[in-house]
Amino acid sequence: MTTPALLPLSGRRIPPLNLGPPSFPHHRATLRLSEKFILLLILSAFITLCFGAFFFLPDSSKHKRFDLGLEDVLIPHVDAGKGAKNPGVFLIHGPDEHRHREEEERLRNKIRADHEKALEEAKEKLRKSREEIRAEIQTEKNKVAQAMKTKETRVLPPVPVPQRVGVSGGDPEDMEIRKKRDKIKEMMKHAWDNYRTYGWGHNELRPIARKGHSTNIFGSSQMGATIVDALDTLYIMGLHDEFMDGQRWIEENLDFSVNSEVSVFEVNIRFIGGLLAAYYLSGEEIFKTKAVQLAEKLLPAFNTPTGIPWAMVNLKSGVGRNWGWASAGSSILAEFGTLHMEFVHLSYLTGDLTYYNKVMHIRKLLQKMERPNGLYPNYLNPRTGRWGQYHTSVGGLGDSFYEYLLKAWLMSDKTDLEARRMYDDAVEAIEKHLIKKSRGGLVFIGEWKNGHLERKMGHLACFAGGMFALGADGSRKDKAGHYLELGAEIARTCHESYDRTALKLGPESFKFDGAVEAVAVRQAEKYYILRPEVIETYWYLWRFTHDPRYRQWGWEAALAIEKSCRVSGGFSGVKDVYSPTPAHDDVQQSFFLAETLKYLYLLFSGDDLLPLDHWVFNTEAHPLPVLRLANTTLSGDPAVG
């Protein structure tokens with residue numbers, strides 16, 4: 001998704017910003033102390049102590065009372081003439097003044113003794129040779145470094161790892177389908193190999209310029225977003241050499257102790273989600289360790305009056321803030337509402353309920369709030385706990401909040417009944433107020449703005465077809481068939497948005513006004529940035545119906561990407577899907593490898609690869625296992641036994 005200025009526009013995805021490569025080199029944190037600086041500190045301390053001893057020791061001639069015991073009472077002096085309080089106080093002496101004088105003398109003696117001890121230590125330091133001082137400094141540096149290393153490599157408690165079901169395989173019997181899957185795998189290798197060659201360690205790739213690329217959502221550091229995001233796709237495709245290259249980079253280079261401001265939402269879904277999925281698929285402990293290290297860096301974002309986290313947080317200082325454009329400093333529904341899956345798994349793996357409690361606090365707060373027409377507005381002020389402007393969307397700014405309500409229930413082995421109730425309530429309100437049918441018979445999801453429905457649907461909202469299909473089983477009033485059909489209608493509408501363009505790729509958003517249906521009108525909405533949402537819905541509908549049209553539509557999209565987005569240095573988004581000659585934006589998004597190619601690969605694989613009764617995909621398509629818990633700790637519903 002794109003937007004003017006350096007701002008996000010979506011819950012599921014922050015827009016790419018063609019800002020060129022980051023101008024800041026990446027440095028690991030190191031401990032460097034100057035010996036000369038240490039000597040200056042010692043001399044400074046010596047001089048300060050000398051002057052302190054002369055000027056600041058208590059003088060009985062100036063301080064008749066030093067101790068404020070219970071026997072002493074501070075009485076504010078009142079000027080009877082003005083009736084105003086004087087800042088001075090009268091001190092009324094208690095009955096045992098002799099005891100107070102002894103206590104005063106004891107305190108003076110203690111201060112003198114402390115000063116003399118500090119002076120002797122300073123003198124002792126100055127008597128040592130340069131080599132001895134240098135050796136002491138090195139010893140202290142080693143102690144600090146070892147303490148930091150011990151903290152970062154703390155052993156996590158052993159927990160039963162869910163069974164790794166269907167983490168490989170899925171070979172289709174049909175040779176034509178197998179060839180299509182192999183083609184998707186080749187596209188993945190092309191994207192990865194070029195990133196490996198031209199953008200290694202950078203967050204993303206500029207495939208035409210053949211150099212690294214980043215945006216403000218990742219801060220100023222090279223955090224290897226594409227490496228972390230692509231790991232699980234590489235693994236399930238059987239690209240194990242490439243997977244090992246990524247693992248080695250993470251072990252040796254991925255460092256979160258950087259002075260860098262990042263998006264809490266994006267770092268959670270891409271990095272924590274990607275690391276957790278890589279751990280569950282491969283069993284390699286380094287991924288779990290790194291995920292927990294990063295999660296600790298995100299926790300300060302929750303230090304707000306309401307517990308609703310800031311959108312951005314500095315990984316080093318812990319200082320948080322919100323996007324300036326977001327409704328008077330509000331937090332965004334899809335951002336603070338898309339933490340639940342990852343944070344529950346963090347608590348499960350660490351035994352630390354802090355993560356679980358953070359996201360459950362958000363849920364409890366939302367349950368207490370009044371919702372206009374039963375809809376959740378996209379903005380919530382983290383200081384006041386009040387909604388911002390009443391704008392509701394199942395596309396950008398709102399989308400993945402609803403997705404995570406459903407997936408919290410699925411991930412809990414369908415025991416988190418509270419999440420399911422919230423999802424069902426939300427979907428009923430969405431269907432009543434936002435879902436409409438065009439004159440041409442296309443079902444679309446509009447956006448509620450300023451008291452009326454805007455008849456526009458975003459590419460991001462196309463994920464909802466898959467969500468409705470995924471949530472059909474377990475829906476209220478035996479409406480499973482209805483929601484499966486609703487998902488199919490959304491899929492058809494989104495396919496039309498692709499089919500009505502010159503490149504057969506869907507625009508960022510499309511209108512339903514009068515004769516205009518499923519077509520972008522504004523130039524700023526005609527781009528395609530390798531987004532996955534339409535293909536995601538095709539895959540879910542294929543899994544639940546095995547209707548061949550979804551594989552057909554998915555293959556059409558794959559061929560269109562291959563034809564219009566592939567360049568010699570990778571894959572690039574295009575600026576205008578209605579122009580027969582593609583103009584490239586020169587950005588290979590990390591989510592192209594994490595989601596778009598993964599969903600295409602799964603679409604042409606057997607259902608035994610990552611079966612949906614064992615795995616739940618986060619909003620970045622990172623598979624996390626179902627937690628089959630028999631206790632109430634992480635169930636989210638007190639009724640669960």
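The structure presented is a predicted model; accordingly, all values stated were derived computationally and were not measured.

1. Quick look at the overall build of the protein
On a plain count of helices and strands, the protein comes out with 18 helices and 21 strands. By the burial criterion, 55% of the 641 residues in the protein qualify as buried. Of all intrachain contacts in the protein linking residues separated by at least 6 positions in sequence, the fraction that spans at least 24 positions is 70%. Roughly 27,800 Å² of accessible area belongs to the protein as shown, and the carbon and sulfur atoms make up 54% of that amount.

2. Observations regarding the sheet that holds strand β6 (residues 312-314)
Read from one edge to the other, the open sheet built from three strands follows the order β5-β6-β7, with strand pairing classed as antiparallel. The open sheet is flanked by β5 (261-263) and β7 (320-321), the only strands paired with a single partner. Bridge count for β5 against β6 is three bridges, and the pairing is antiparallel. In the sheet register, S263 faces β6, and the bridge partner there is M312. Across the face of the sheet, helix α7 (residues 264-282) comes into contact with β5 and β6 while running at roughly 70 degrees to β5.

3. Points about unusual backbone geometry
At D478, a residue that is not glycine, the phi angle is positive and equals roughly 55 degrees. With respect to the secondary-structure elements, D478 resides in the loop between α14 (464-470) and α15 (480-499). Positioned with a positive phi, A621 is a non-glycine residue whose angle comes to about 70 degrees. Residue placement: A621 occurs in the loop between β20 (615-617) and β21 (623-625).

4. With respect to the state of the cysteines
Between two cysteines, a covalent bond joining their sulfur atoms is known as a disulfide. This model, assessed by the stated rule, comprises one disulfide. Each sulfur of the disulfide joining C462 and C494 lies 2.1 Å from the other. Disulfide C462-C494: the torsion about the S-S bond is -95 degrees, which places it as left-handed. Linking C462 in the loop between β15 (456-458) and α14 with C494 in helix α15, this pair joins segments that are 32 residues apart in sequence. You can call C462 buried: its relative accessible area is 1%. The buried category is assigned to C494, whose relative accessible area is 1%.

5. Quick word on α7
Between its first and last C-alpha, α7 extends 26 Å over 19 residues, near the 27 Å set by a 1.5 Å rise per residue. At G273, α7 shows its largest kink, close to 25 degrees. Most of α7 is tucked away: 19 of the 19 residues are buried. Remark: G283 follows α7 within two positions and exhibits a positive phi of approximately 80 degrees.

6. Thoughts on the pairing of strand β17 (residues 516-519)
Sheet topology note: the strand β16 (residues 509-513)/β17 ladder contains three bridges and is antiparallel. Counted as the bridge partner of K511 is V519 from β17. Following β16, the chain reverses through two residues before pairing antiparallel with β17; G514 in that reversal takes a positive phi of roughly 60 degrees.

7. Comments concerning the confidence of the model for the protein
In the predicted model, the protein carries a mean pLDDT of 85, and 79% of its residues have values of at least 70. Long-range and interchain partners of residues 1-11, a stretch whose pLDDT sits below 50, account for 51 contacts in this model, where long-range means more than four residues apart. Within the model, the stretch residues 13-35 combines pLDDT values under 50 with 78 contacts to residues more than four positions away or in other chains.

8. Some points on the packing of aromatic side chains
Here the structure, examined in full by the defined rule, presents 24 aromatic pairs. Both rings, one in W192 and one in W200, keep their centres 5.6 Å apart while their planes meet at 85 degrees; by these two values the pair is edge-to-face. Its relative accessible area of 22% is what places W200 among the partly exposed residues. Ring centres of F571 and F592 lie 5.0 Å apart, and the angle between their planes is 45 degrees; on these two criteria the pair is classed as tilted. Of the two residues, F571 is situated in strand β19 (residues 570-571) and F592 in helix α18 (residues 590-603); the sequence distance between them amounts to 21 residues. Overall, F571 belongs to the buried group, its relative accessible area being 0%. Accessibility expressed as a relative area gives 0% for F592, which makes it buried. Among the aromatic side chains, those forming a connected cluster through ring pairs are W539, Y540, Y599 and F617. Above the ring of W409, the side-chain terminus of R420 is found at 4.5 Å from the ring centroid.

About the cut-offs
- Residues numbered from 1 in each chain as written.
- Predicted model: local features only at pLDDT ≥ 70, side-chain atom pairs only at ≥ 80, totals over all residues.
- Heavy atoms only, no water.
- Helix = DSSP H or I, 4+ residues; strand = E, 2+ residues; numbered from the N terminus.
- Buried < 20%, exposed > 50% of the residue type's maximum accessible area, 1.4 Å probe, protein only.
- Contact = heavy atoms within 4.5 Å.
- Areas by Shrake-Rupley, 256 points an atom, 1.4 Å probe, with all protein chains shown as cover.
- Pairing = 2+ DSSP bridges.
- Axes fitted to C-alpha atoms, helices over the stretch in contact; angles between N-to-C directions.
- Disulfide = S-S within 2.5 Å.
- Expected span 1.5 Å × (residues − 1).
- Bend = angle between axes of the 7 residues up to and from the residue.
- pLDDT = per-residue confidence, 0-100.
- Phe/Tyr/Trp six-rings, centres within 6.5 Å; stacked < 30°, edge-to-face > 60°.
- Lys NZ or Arg CZ within 6 Å of the ring centre and 35° of its normal.

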